[in-house]
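Fold and geometry: a report
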Amino acid sequence: MKIYMSVDMEGITGLVDHTHVSSNQHNYERSRRIMTEEANAIITSLFMNGSEEVVVNDSHSKMNNLLVELLHPDTQLITGDVKPYSMVQGLDSSFDGAIFAGYHARASMPGVLSHTMIFGVRNMYIDDRPIGELGFNAYVAGYYNVPVLMVAGDDQAAFEASELIEHVTTAAVKTTISRSAAKTLTPAKSKQLLAEAASEALKNRSRVKPLTPPKRPVLKIEFANYGQAEWANLMPGTELIEGTTIVQFEAEDILQAYQAMLVMTELAMRTTFC
C-alpha cells in the first residue's frame, strides 16, 4: 500500500489562534513540534498496518513547518513553497489512499480558525456547491481515483468530511467553542486517537469511494472586499460578476480549477486594507 498524507496546521491539537500557526508568533515553535508528533503518530500506524510507502506533504502557509529531523525515518516529505498543486502536491494515481491531517472547516462556517486558503475568501464554489480546502483537495484526489480514507482536525472538519465522503474515518482532536477557542485533547491522547483512526481507515479502505469531480467545473470565489475581487479578476479567463465580489472561472478540469484558485487567491492577497 502507498499512502499520501497532506498535513495542515489549524486542525492540530491545542492550536486555536494565530499565535499558534504564524511563523513570527511566540507559540509557533511549540506548534511545529506538536504537528510533527501528530503526523508521526499517523505515519507509524500506517507502517504498522501494512503501508509500504508514505508520502507526506506539508500543507500549511509556507509549507515548511514539519520538523523533518523528527519524522519517521521511512517517510518521504514534500516541503516548501511554491508548489504547483499546493496542499495536494505529489498526489497522483499511484496512491492507494489519501489522509488529510490537521484540517479545519471551510470559510464562513463554525470551526477553529475556519477559512478557505486565505482569510479574504468568504465562500468558494465548484458548480455552485460550497467547497473548502478539504473538499477541493478531495476532488483532486478523486480526479486520480484516490479515495480520502481519513480526515483529522477539529470537530467541524470531521463533520464536513463526513458530509462529503461516505464511510470516511474521522478523528476530532478538539471541539469548537469559538473560532479561536476549543476544548482540546492533550497531545498524548490525540496521538493515541490518531493512531487508532489510521489503523481503522486502512481496514475500512474498500468501503470508501473517491470523490469524483465534475468534468468541466465552474469555480466561483466570493471575496471579502471588492479590491480582492479586482485583483483576482486580473487572471485571464475570469469574470467578475456584476454587483458582487464573486470571480468566476470556467475550467477544463479540476486540476485547472485548482491552479486557477491558487492564482486568484494569491492575487487577492495583494490588496491593502487601508
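Presented here is a report on the structure given in the accompanying data block. (Residues numbered from 1 in each chain as written. Predicted model: local features only at pLDDT ≥ 70, side-chain atom pairs only at ≥ 80, totals over all residues. Heavy atoms only, no water.)

1. Describing the layout of surface pockets
Of the volumes computed, that of the largest pocket is approximately 810 Å³. As for the largest pocket, its lining consists of 32 residues, of which Ser61, Met117, Ile118, Glu266 and Met269 are closest to the centre. For the lining of the largest pocket, the elements supplying multiple residues, two or more each, are α1 (18-21) and α7 (254-268). The biggest single contributor to the lining of the largest pocket is α7, with six residues. (1 Å grid on protein atoms, 1.4 Å probe; cavity = no way out; pocket = protein on both sides within 12 Å on 5 of 7 lines; lining within 4 Å. Points joined across faces, edges and corners; volume = space filled by probe spheres on them. Helix = DSSP H or I, 4+ residues; strand = E, 2+ residues; numbered from the N terminus.)

2. Looking at the sheet that holds strand β6 (residues 129-130)
Taking strand neighbours across the sheet as the criterion, the five strands line up as β6-β5-β10-β12-β11 in an open arrangement whose pairing is antiparallel. Only two strands of the sheet have a single neighbouring strand rather than two, namely β6 and β11 (238-240). Relative to strand β12 (residues 246-250), β11 runs antiparallel, the two being bridged by three bridges. Bridge pairing in β12 links threonine 238 to phenylalanine 249. Most of the contacts of α7 go to strand β10 (residues 218-223), to which it runs at about 20°, and overall it touches β5 (121-126), β10, β11 and β12. (Pairing = 2+ DSSP bridges. Contact = heavy atoms within 4.5 Å. Axes fitted to C-alpha atoms, helices over the stretch in contact; angles between N-to-C directions.)

3. Examining the pairing of strand β1 (residues 2-7)
Within β1, six of the six residues are buried, leaving the element largely enclosed by the surrounding structure. Burial along β1 is two-sided: the residues Lys2, Tyr4 and Ser6 and Ile3, Met5 and Val7 are all buried. (Buried < 20%, exposed > 50% of the residue type's maximum accessible area, 1.4 Å probe, protein only.)

4. Thoughts on the sheet that holds strand β2 (residues 53-58)
Here seven strands make up an open sheet; going across it, the order is β3-β2-β1-β4-β7-β8-β9 and the pairing mixed. The two strands at the open ends of the sheet, each matched to only one other strand, are β3 (76-78) and β9 (181-184). Each adjacent strand pair in this sheet contributes to an overall mean axis angle of 20°, direction not counted. Across four bridges, the pairing between strand β4 (residues 97-103) and strand β7 (residues 148-154) is parallel. Paired with isoleucine 99 across the two strands is methionine 150, which belongs to β7. Where helix α5 (residues 187-203) meets the sheet, it contacts β1, β7 and β8 (169-178), and its direction lies at approximately 140° from that of β8.

5. A word on the pairing of β2
Taken across its six residues, β2 has five buried, putting it largely inside the fold. Here β1 runs beside β2; their pairing, made up of six bridges, is parallel. Counterpart to serine 6 in the pairing with β2 is asparagine 57. Looking at chain direction, β2 and β3 are connected through three bridges and run parallel. Looking across to β3, one finds that valine 55 is bridged to glutamine 76.

These results come straight from atomic positions and should not be treated as a statement about function.
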